[in-house]
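Residues per chain are reported as follows:
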Amino acid sequence: MSKLGQVVESVENYNQFVLDQVKRSRTDQKFGRDLLGRWNDVKAKIPVTRTPTGIPLPRLALPEIDEPGEIARYMFGEGLPGEFPYLNAAYPEMYLEPIREIESFEKNGGTVAAGVSPAKQSKTQPTPRPLQEEPTRLFSGLMLAEDTNQRFHYLTRHQRTHRLSTAFDGPTLYGLDSDADGVFGKIGEGGVAIDTVEDMVRLYDGFDLGSPNFSASMTISGPAPMIMAMYIAAAKRRFGPKVVPKLRGTIQADIFKEVQAQNETIFPIEPSLRFLTDMVEFTTREMPRWYPISISGYHIGEAGSTPVQQAAYTLSNGFAYVEMFAGRGIPVDQFGPRLSFFLDCGLDVEYIALARVSRRIWAIGMRDVFGAGSRAQLFKLHTQTSGRSLIAAEFKNNLTRTAAELMLSYMNATNSCHSNSADEPFTTPSEEWIRLAAHGQAILLEESGIFKHTMNMLSGSPGMKAVERAVEAAILDEFRAIERLGGVLAAVEERYQRSQIQSAAHRYEQQIYDGTRPIIGLNRYRDGDDEAPEVKLARTPRAKQQLQVDRLRKFKKKNAENARRALDKLAKVADAGENIFPALLEAAEVCSLGQITGRLQEVVGRFRPMV
């Protein structure tokens, strides 16, 4: 039995354990009394908050139960927020406003002065606890590095913490230089063009990369080790070598999902996984605040999978990475806390509980199969609203779709979230629509009281529980299918995941065509107007594209001799099977992305895309 098969067995065993605890709590009087005592103690210690209108609410909502069996079912089957198996949340508190606002409200006799936030009224209020990070992560990438930098500064203008997510253009995603044959028209299209460490310096200019309030996320997988090396090199240029352990952020680096859903892979699978593990080994040792891989279901979902397939393939890929990293000799409790996940959130009913169930399965598998400690059991999740759900027809309806998806994301206690822009069916988002997308999260988290007063505000309904049971069973069935094929890598080589995604995508489109899947404004309630709206397209001017090429050629000419030596050393290390990341760090200082990719391909070959 492979590790994935053991995960299935461990989840089934844990479910039986929960049932045994329920039975024990009803037959063993002492056990039942102890459980009831702990439950009452937890409830007694929950702080009370007050809404702006003055009504009291518990800071944590728990079901109104006092029967030991049902308490056992909740405590062991779900867990309190921040407690195993983490169904309700990875942390005890998320999205909640600081208690200082409650204290201020009470000190002012339950009144709020017009135009003054409660936090600012009382001059004698105690020192507030540190503010939590906003879960909003802002995503951008367009034209050249300085253009994206300008957009980053625009997006973070009202943010107390800067959590930036970066999209790269097509040539960069494939490890190509901007002066490569046939790519000129793609420079800066759909993402930012990054060829050298100098571009990386421009990209994050004006941001304190070593600050605890800054984190960078980079959505790139095939060339991820090279881009990661360039990011480190850029940080060292600006802040010196001591900044490296302080760097916070994530790089996607998910090779499995590329092969399963995207094809943005530049080396064959085996060396791709080897280079990824080299980077994980280095960052685990030298960069304790960095997440060196974001195990991504988003692109699997966008390629057409069902929600269950997305979760099952993401989780199984994650367990395969854990087995691979542990096989390198990296302790699971060192790299485990540095793993993160990325899921899509659409409008299908499964999304009511998809992330909740994924968090539970991950915790059980990590603990019971891989022996991971509590920090490595956490399923740390970034969610993005569904790009596939955005429709060109009557595109302003996309604002409502995204708002509903945001609600589902936060119901699932996502750690961070990106909301798509309504104009994305046509173009890279404009400032107007990206501002509305960001405001959608602010309205939900700050203006509304749905999530800021009480944890567990919307979880635990009978409907949600029914979806949880159905989704968990379906995910385990997918695990069994992968296990029968010999595990994740064997299933990838058999094209299993890819074929399943393609079948699901075809079924999805057929359902839209025959009307069994309603799409408002497209196949239902159309107003009859088929004319495309006037939308200004974001395009990279040819002058900017030429500027990028000119800069790159100047960089190559300036560093020609040093680049030759660095590439020779990199090739020698790669050919010997040693960890290439230290050599990559040297090469990133003087070589372009395309130069590094090309030299490594001479050693290990190129990826041959699956059809």
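**Brief notes about the packing of helix 9 (residues 255-262) against helix 12 (residues 307-327)**
Part 1 of the reasoning: Where helix 9 contacts helix 12, the axes come no closer than 9 Å and their chain directions differ by 145 degrees. Between helix 9 and helix 12 lies a crossing whose hand is right-handed. Listed contacts from helix 12 to Ile255, Phe256, Lys257 and Gln260 of helix 9 are Tyr313, Asn317, Ala320 and Tyr321.
Part 2 of the reasoning: When the residues that make up the contact of helix 9 with helix 12 are grouped by side-chain class, the tally is 5 nonpolar, 2 polar and 1 charged.

**Observations regarding the environment of Pro245**
Part 1 of the reasoning: By secondary structure assignment, the location of Pro245 is in the loop between helix 8 (224-239) and strand 6 (249-251).
Part 2 of the reasoning: Through-space distance from the C-alpha of Pro245 to that of Ala326 is 22 Å; in sequence the pair is 81 residues apart.
Part 3 of the reasoning: If near-sequence neighbours (up to four positions away) are discounted, Pro245 is found in contact with Glu286, Met287, Pro288 and Arg289.

**Some thoughts on the packing of helix 21 (residues 560-575) against helix 23 (residues 593-604)**
Any two packed helices are characterised by the angle at which their axes cross and by the distance between the axes.
Part 1 of the reasoning: At a minimum axis distance of 9 Å, the contact between helix 21 and helix 23 shows a crossing angle of 35 degrees. Viewed along their axes, helix 21 and helix 23 form a crossing whose handedness is right-handed. Across the interface between the two elements, Ala563, Leu567, Asp568, Leu570, Ala571, Ala574 and Asp575 from helix 21 touch Gln595, Ile596, Arg599, Leu600 and Val603 from helix 23.

**Focus on unusual backbone geometry**
Excluding glycine, residues mostly carry a negative phi; peptide bonds, for their part, are mostly trans.
Part 1 of the reasoning: Between Phe84 and the following residue, Pro85, the backbone shows a cis peptide bond with an omega angle of 5 degrees.
Part 2 of the reasoning: In this structure, Pro85 sits in the loop between helix 3 (68-77) and helix 4 (100-107).
Part 3 of the reasoning: A positive phi angle is found at Tyr95, which is not glycine, with a value near 75 degrees.
Part 4 of the reasoning: Mapped onto the elements, Tyr95 comes out in the loop between helix 3 and helix 4.

**Overview of the sheet that holds strand 11 (residues 416-418)**
Backbone hydrogen bonds hold the strands of a sheet together, and the pairing may be parallel or antiparallel.
Part 1 of the reasoning: With parallel pairing, 4 strands are arranged side by side in an open sheet as 8-9-10-11. In this open sheet, the two edge strands, each paired with only one partner strand, are strand 8 (293-296) and strand 11. Each strand of the sheet is rotated relative to its neighbour by a mean of 25 degrees, with strand direction disregarded.
Part 2 of the reasoning: Of the strand pairs in this sheet, strand 9 (residues 339-345) and strand 10 (residues 381-385) are connected by 5 bridges, and their pairing is parallel. Counted as the bridge partner of Cys345 is Thr385 from strand 10.

**Focus on the environment of Gly240**
Part 1 of the reasoning: Examined against the element boundaries, Gly240 turns out to sit in the loop between helix 8 and strand 6.
Part 2 of the reasoning: For the pair Gly240 and Glu602, spaced 362 residues apart in sequence, the C-alpha separation works out to 33 Å.

**Topic: the packing of aromatic side chains**
Part 1 of the reasoning: Using the criterion set out here, one finds 28 aromatic pairs in the structure.
Part 2 of the reasoning: Consider the rings of Phe341 and Trp362, whose centres lie 4.7 Å apart with planes at 70 degrees: the pair is edge-to-face. A residue pair is termed long-range when its members are at least 10 positions apart, and Phe341 in strand 9 and Trp362 in helix 14 (residues 354-368) qualify at 21 residues.
Part 3 of the reasoning: Judged by its relative accessible area of 1%, Trp362 is buried.
Part 4 of the reasoning: Both rings, one in Tyr410 and one in Phe451, keep their centres 5.9 Å apart while their planes meet at 55 degrees; by these two values the pair is tilted. Taken as a pair, Tyr410 in helix 15 (residues 398-411) and Phe451 in the loop between helix 16 (431-447) and helix 17 (462-484) lie far apart in primary sequence, 41 residues in all. One exposure class covers both Tyr410 and Phe451, and it is buried.
Part 5 of the reasoning: Over the face of the ring belonging to Phe31 we find Arg24, whose NZ or CZ atom lies 3.9 Å from the ring centre.

**Concerning the pairing of strand 9**
For a regular strand, the rule is simple: side chains alternate between the two faces of the sheet.
Part 1 of the reasoning: Of all 7 residues in strand 9, 7 are buried, a share of seventy percent or more.
Part 2 of the reasoning: Along strand 9, one buried face is formed by Leu339, Phe341, Leu343 and Cys345 and the opposite face, lined by Ser340, Phe342 and Asp344, is buried too.
Part 3 of the reasoning: In the sheet, strand 8 pairs with strand 9 via 4 bridges, with the strands oriented parallel. Across the sheet, the residue bridging to Ile293 is Leu339, located in strand 9.

**Focus on the side chain of Thr283**
Part 1 of the reasoning: Along the chain, the position of Thr283 falls in helix 10 (residues 269-286).
Part 2 of the reasoning: Assessed through its relative accessible area of 1%, Thr283 is described here as buried.
Part 3 of the reasoning: Here Val280 takes part through its backbone oxygen, which lies 3.3 Å from a polar atom of the side chain of Thr283.

**A few points about the sheet that holds strand 6**
Part 1 of the reasoning: The parallel open sheet is built from 5 strands, whose spatial order is 3-4-5-6-7. Each edge of the open sheet carries a strand with a single partner, namely strand 3 (138-140) and strand 7 (290-291).
Part 2 of the reasoning: Here strand 6 runs beside strand 7; their pairing, made up of 2 bridges, is parallel. Following the sheet pairing, Gly249 is matched in strand 7 by Trp290.
Part 3 of the reasoning: Relative to the sheet, helix 8 contacts strand 5 (214-219), strand 6 and strand 7, its axis offset from that of strand 5 by approximately 150 degrees.

**Some points on the environment of Asp199**
Part 1 of the reasoning: Mapped onto the fold, Asp199 is located in helix 7 (residues 197-203).
Part 2 of the reasoning: Measuring from C-alpha to C-alpha, the distance between Asp199 and Glu146 comes to 8.2 Å, with 53 residues separating the pair along the chain.
Part 3 of the reasoning: When residues no more than four places from it in sequence are discounted, the contact partners of Asp199 are Ala145, Ala193, Ile194 and Gln548.

**Observations regarding the pairing of strand 10**
Part 1 of the reasoning: Across the 5 residues of strand 10, 5 count as buried, placing the element largely inside the fold.
Part 2 of the reasoning: Burial along strand 10 is two-sided: the residues Leu381, Thr383 and Thr385 and His382 and Gln384 are all buried.
Part 3 of the reasoning: In terms of strand pairing, strand 10 meets strand 11 through 3 bridges, oriented parallel. Opposite His382, over in strand 11, you have Ser416 as the bridge partner.
Part 4 of the reasoning: Handedness of the strand 10-helix 15-strand 11 crossover: right-handed.

**Here's the deal with the state of the cysteines**
Part 1 of the reasoning: Inspection of the entire model under this criterion finds 0 disulfides.
Part 2 of the reasoning: The thiol sulfur of Cys417 is not disulfide-bonded, and the nearest other cysteine sulfur, from Cys345, lies at 7.6 Å.
Part 3 of the reasoning: Assessed through its relative accessible area of 0%, Cys417 is described here as buried.

**A word on the nonpolar core**
For soluble globular proteins, nonpolar side chains are generally found buried alongside one another.
Part 1 of the reasoning: Counting residues in each nonpolar core, the largest one holds 154 residues, and the members touching the most others are Met200, Tyr204, Tyr231, Ile251, Phe319, Ile475 and Phe479.
Part 2 of the reasoning: Ranked by the residues each element gives to this core, the list is headed by helix 8, at 11 residues.
Part 3 of the reasoning: Aside from chain neighbours lying at most four places away, what touches Ile251 is Met218, Ile220, Ala224, Ile227, Met228, Met279, Trp290, Tyr291, Pro292, Ile293 and Ser294.
Part 4 of the reasoning: Counting residues in hydrophobic clusters, the runner-up holds 5 residues, among them Leu138, Tyr154, Ile434 and Ala438.

The rules behind the values
Residues numbered from 1 in each chain as written. Predicted model: local features only at pLDDT ≥ 70, side-chain atom pairs only at ≥ 80, totals over all residues. Heavy atoms only, no water. Axes fitted to C-alpha atoms, helices over the stretch in contact; angles between N-to-C directions. Helix = DSSP H or I, 4+ residues; strand = E, 2+ residues; numbered from the N terminus. Left-handed = near helix turned anticlockwise from the far one by under 90°. Contact = heavy atoms within 4.5 Å. Nonpolar A, V, L, I, M, F, W, Y, C, P; charged D, E, K, R; others polar. Pairing = 2+ DSSP bridges. Phe/Tyr/Trp six-rings, centres within 6.5 Å; stacked < 30°, edge-to-face > 60°. Buried < 20%, exposed > 50% of the residue type's maximum accessible area, 1.4 Å probe, protein only. Lys NZ or Arg CZ within 6 Å of the ring centre and 35° of its normal. Polar contact = N/O pair within 3.5 Å; in protein donor to acceptor, adjacent residues only side chain to side chain. Right-handed = clockwise from strand over helix to strand, strands pointing away. Disulfide = S-S within 2.5 Å. Core = buried A, V, L, I, M, F, W, Y, C linked by side-chain atoms within 4.5 Å.

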